[in-house]
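A structural walkthrough
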Amino acid sequence: QVQLVESGGGLMQAGGSLRLSCTASGRTLSTYTMDWFRQNPGKEREFVASISWNGGSTYYPDSVKGRFTISRDNAKNTVYLQVNSLKPEDTAVYYCAVSRKAVVGLHHPYEVHYWGQGTQVTVSS
């Protein structure tokens, strides 16, 4: 079993930046592809980033490409999501996830092994 704890969310200003962290306990993340998703009430959980087990490959959907950067530090069992040029539409609960997939790509919620509890990001204009 893996426990994932996200942090770094909060109330942000549009145009600013933030870095979310996701730290795991219970098992090493170093062999897993890791993802970030986000969700707003009444909407489906949306994939926003994926990173390979060694950090060598990443994938972003077009909707966030160029503003979002996923990274990882396997020595710290932690995955990060850097978000720049924040927009009000980035407001959501952000979740990190251990993927079932062996490679990065456009992943879906049903392809997740474990979820974190989420961290709220609110961007004001």
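See the structure printed just above.
Residues numbered from 1 in each chain as written. Predicted model: local features only at pLDDT ≥ 70, side-chain atom pairs only at ≥ 80, totals over all residues. Heavy atoms only, no water.

1. What to know about the pairing of strand E8 (residues 78-83)
The side chains of a regular strand alternate, residue by residue, between the two faces of the sheet. Threshold: A simple rule labels every residue: compare its accessible area, found with a 1.4 Å probe on the protein chains alone, to the largest value its type can have, and call it buried under 20%, exposed over 50%, or partly exposed in between. For the purposes of this entry, the term helix denotes a DSSP run of H or I that reaches at least four residues, the term strand denotes a run of E that reaches at least two, and both are numbered from the N terminus. Strand pairing is defined by DSSP finding a minimum of two bridges between the two strands.
Here E8 lies mainly inside the structure; 5 of its 6 residues are buried. Sheet topology note: the strand E3 (residues 18-25)/E8 ladder contains 6 bridges and is antiparallel. Bridge pairing in E8 places Arg 19 opposite Gln 82. In this structure, strand E7 (residues 68-73) lies alongside E8, joined through 6 bridges in antiparallel fashion. What sits directly across from Thr 69, in E8, is Gln 82. Counted between consecutive antiparallel strands, the loop separating E7 from E8 contains 4 residues, among which Asn 77 sits at a positive phi close to 55°.

2. Overview of the state of the cysteines
The condition is simple: We call a pair of cysteine sulfur atoms a disulfide whenever their separation is within 2.5 Å.
Here the structure, examined in full by the defined rule, presents 1 disulfide. With its sulfur 1.9 Å from that of its partner, Cys 22 forms a disulfide with Cys 96. In this structure the cystine formed by Cys 22 and Cys 96 twists about its S-S bond by roughly 45°; its chirality is therefore right-handed. Remark: Cys 96 occurs in strand E9 (residues 92-99) and Cys 22 occurs in strand E3; sequence separation between them is 74 residues. Relative accessible area serves as the criterion here: at 0%, Cys 22 is assigned to the buried category.

3. Structural notes on the pairing of strand E1 (residues 3-7)
Of the two faces of E1, only the one carrying Leu 4 and Glu 6 is buried; Gln 3, Val 5 and Ser 7 on the other face are not. Of the strand pairs in this sheet, E1 and E3 are connected by 5 bridges, and their pairing is antiparallel. Across the sheet, the residue bridging to Gln 3 is Ser 25, located in E3.

4. Section: the sheet that holds E7
Threshold: Every angle, taken between N-to-C directions, lies between 0 and 180 degrees, and every axis is a line fitted to C-alpha atoms, over only the stretch in contact when it is a helix.
Read across the open sheet, the 4 strands follow the order E1-E3-E8-E7; overall the sheet is antiparallel. The open sheet has two edge strands with one neighbour each: E1 and E7. Taking each pair of neighbouring strands and ignoring which way they run, the sheet shows an average axis angle of 20°.

5. Things to note about the nonpolar core
In globular proteins that are soluble, nonpolar side chains generally tend to be buried together. To keep it simple, the criterion reads: Residues belong to a common nonpolar core when they are buried Ala, Val, Leu, Ile, Met, Phe, Trp, Tyr or Cys residues joined through side-chain atoms within 4.5 Å. Whether two residues are in contact is decided by their heavy atoms: any pair within 4.5 Å suffices.
Within the largest apolar cluster, 29 residues are counted, with the highest numbers of intra-cluster contacts made by Leu 4, Trp 36 and Leu 81. Elements supplying a minimum of two residues to this core: E3, strand E4 (34-39), strand E5 (46-51), E7, E8, E9 and strand E11 (119-124). Ignoring anything within four residues of it in the chain, the contact list for Leu 81 reads Leu 18, Arg 19, Leu 20, Trp 36, Val 48, Ala 49, Phe 68, Thr 69, Ile 70 and Tyr 94.

6. Notes on the pattern of salt bridges
Spelled out, the test is: Salt bridges are identified by distance alone: a Lys or Arg side-chain nitrogen within 4 Å of an Asp or Glu carboxyl oxygen.
Here the structure, examined in full by the defined rule, presents 5 salt bridges. Glu 46 is paired through a salt bridge with Arg 38; the nearest N and O atoms lie 2.8 Å apart. The class for Arg 38 is buried, based on a relative accessible area of 8%. Connected through shared salt-bridge partners, Arg 38, Glu 46, Arg 67 and Asp 90 make up one network.

7. Focus on the packing of aromatic side chains
Note the threshold: Each pair of aromatic rings taken from Phe, Tyr and Trp, with Trp reduced to its six-membered ring, is defined by centres within 6.5 Å and is described as stacked if the planes are under 30 degrees apart, edge-to-face if over 60, and tilted in the remaining cases. For a lysine, the NZ atom is tested; for an arginine, the CZ atom; a charge sits over a ring if that atom is within 6 Å of the ring centre and within 35 degrees of the ring normal.
On inspection of all chains with the given rule, the structure shows 4 aromatic pairs. Between Phe 37 and Phe 47, the ring centres sit 5.7 Å apart and the planes meet at 75°, which makes this aromatic pair edge-to-face. With Phe 37 in strand E4 and Phe 47 in strand E5, this pair connects stretches of sequence that are 10 residues apart. Judged by its relative accessible area of 6%, Phe 47 is buried. Ring plane angle 35° and centroid distance 6.2 Å describe the contact between Phe 47 and Tyr 59, whose orientation is recorded as tilted. Here the residue Phe 47 occupies a position in strand E5, and Tyr 59 occupies one in strand E6 (residues 58-59), the gap between them amounting to 12 residues. For Arg 19, the ring lying beneath its charged end belongs to Tyr 80, and the centroid distance is 4.1 Å.

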